[in-house]
Each structure stands twice: as structure tokens, then as C-alpha cells.
Amino acid sequence: MTPPRLVVVAHNIRSMANVGSLFRSADAFGVAKIFLCGYTGIPPRNEIAKVALGAETWIPWEHAKLTHRVVERLQREGYTVVALECTKQSVPLSRLPATKKIALIVGNEVQGVSKPILKRAEVVAHIPMLGKKESLNVGVAAGCALYAVRYGRS
């Protein structure tokens, strides 16, 4: 199977270090573009650059105030929108449908992906957790999810 075209939608990420981590993971896993939405920080910021190690200068990105407009645009462009969130209806990342274009939404460090954005996603997926904690840091979770999307599907 041909690897999918990937984009990331960062929805209200508070930590600049997490934004930097998104850029670094985007570089590692061939992400075509990052959409920095809501109050997510944007380059140039020293706090982002410190973690991104330059990736923020070559990974294409766009800032958008309203996440739902980005989601609607990506859907019109043929992307399958996948929200990374653990819910009663979410599926493990390994069960994502085969598709040519995936937009991965990652959310706020505390609240996650908001309910209005979750409702717009075609798929809500989670990372199966074996420990006592129910979640990972958003930057780490995005890296795991991008790996799974890029290499973990058949």
C-alpha cells in the first residue's frame, strides 16, 4: 500500500515545547503540513525552535483561528479526518481505514480534542494504553500516531 499523505491539525496546544515536538515528529514521519489552530503557538518562537531543532523552518505550516474551518477544508480536499482521542467509540490506531490522505487532529494537553471538533472527524482513534495512566503527552502521542499511520497499517 502506498503511504498516505499526512497533515496534522494542532487544536489549542498550550505548550510551545509540544508545538516544537509536533514539528520534529512531522519531519520524521513525512508530514506535508501542520495546521496550528486556535491559540496554538506559531513560529518563530524560541520555545518552539528549542525542541523542533529547525524543523519549524522547513515543515510547511499555516495558522488558523478556527479549527472547524480547517477540518471542513481538508474534508473537501479528500482527507479522512482522524481525531486522536480516547472515547467510548474510538478505535485503536491499528484499525484505521486504508486511505490516501489523512488529517490527524491532536488536541489540548488537558481537555484533548473538543467535542465540536470530534463530531466533525470521520474517525476517532486512540493509542491503546497498558499502564495506569490513561493518556500520553500530546507531543509523544502525536509521534506514536504518526508512526502508526505511516508504518503500522496493512
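Report on the accompanying structure. Everything numeric in this text was worked out from a predicted model, so none of it was measured.

## Observations concerning the state of the cysteines
And then number 1: Across all of its chains, the model carries zero disulfides by this definition.
And then number 2: Counting only cysteine sulfurs, Cys144 is the nearest neighbor of Cys86, a cysteine outside any disulfide, at a range of 14 Å.

## As for the sheet that holds strand β1 (residues 5-11)
And then number 1: Across the sheet, seven strands lie side by side as β3-β2-β1-β6-β4-β7-β5; this open sheet has parallel pairing. Bordering the open sheet on either side are β3 (61-64) and β5 (91-92), each of which pairs with just one other strand.
And then number 2: Where β5 and strand β7 (residues 123-126) come together, two bridges link them in parallel fashion. Within the sheet, the bridge partner assigned to Val91 lies in β7 and is Ala125.
And then number 3: Packing of helix α6 (residues 138-151) onto the sheet brings it into contact with β1, β2 (31-37), β4 (80-84) and β6 (101-106), and relative to β6 it is tilted by some 165 degrees.

Cut-offs used in this document
Residues numbered from 1 in each chain as written. Predicted model: local features only at pLDDT ≥ 70, side-chain atom pairs only at ≥ 80, totals over all residues. Heavy atoms only, no water. Disulfide = S-S within 2.5 Å. Pairing = 2+ DSSP bridges. Helix = DSSP H or I, 4+ residues; strand = E, 2+ residues; numbered from the N terminus. Contact = heavy atoms within 4.5 Å. Axes fitted to C-alpha atoms, helices over the stretch in contact; angles between N-to-C directions.

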